[in-house]
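Coordinate inspection notes
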Amino acid sequence: MFTLEIIFNILAGLAFFIYWVIAFVILYHLSRFGIGVQPKKFAATFLFGSVVLSAAVIILFTRTDISAFLSL
């Protein structure tokens, strides 16, 4: 039914979803309630960094052989 690999993928997807919900809350508050230009620059930098790090995590996660780790 559910193998350990599927459960691991679901947990990783859930962690990724929770990360982006928290990142959205941070971005929303920086851009909505920040006074002046500086919080908007922080929000843009945070968004760029989050997208780059998320892409790196997705690439590394798809290239990782989970079954090799689970067999140890």
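Report on the accompanying structure.

If you tally the helices and strands in the protein, you get three helices and zero strands. Traced from its N-terminal end to its C-terminal end, the protein shows the element sequence α-α-α. Taken along the three principal axes of its C-alpha coordinates, the protein extends 55 × 20 × 15 Å. Per-residue burial over the protein gives 11% buried out of 72 residues. Of the roughly 5,900 Å² of accessible surface on the protein, 79% is carried by carbon and sulfur atoms.

Note on placement: Thr45 falls in helix H2 (residues 38-63). In this structure, the C-alpha to C-alpha distance between Thr45 and Ile59, residues 14 residues apart in sequence, is 21 Å.

Its 26 residues place the ends of H2 38 Å apart at the C-alpha level, agreeing with the 38 Å of an ideal helix rising 1.5 Å per residue. For H2, the full list of buried residues reads Pro39, Ala43, Ser50 and Ser54. Those residues of H2 that are buried are in contact with helix H1 (4-33).

Inspection of the secondary structure assignment puts Ser54 in helix H2. Looking at Ser54, the relative accessible area reads 7%, which means it is buried. Engagement of the side chain of Ser54 in a polar contact is seen with the side chain of Trp20, the distance being 3.0 Å. When neighbours within four sequence positions are excluded, Ser54 is seen to be in contact with Phe16, Tyr19 and Trp20.

Cut-off values and rules
Residues numbered from 1 in each chain as written. Predicted model: local features only at pLDDT ≥ 70, side-chain atom pairs only at ≥ 80, totals over all residues. Heavy atoms only, no water. Helix = DSSP H or I, 4+ residues; strand = E, 2+ residues; numbered from the N terminus. Buried < 20%, exposed > 50% of the residue type's maximum accessible area, 1.4 Å probe, protein only. Areas by Shrake-Rupley, 256 points an atom, 1.4 Å probe, with all protein chains shown as cover. Expected span 1.5 Å × (residues − 1). Contact = heavy atoms within 4.5 Å. Polar contact = N/O pair within 3.5 Å; in protein donor to acceptor, adjacent residues only side chain to side chain.

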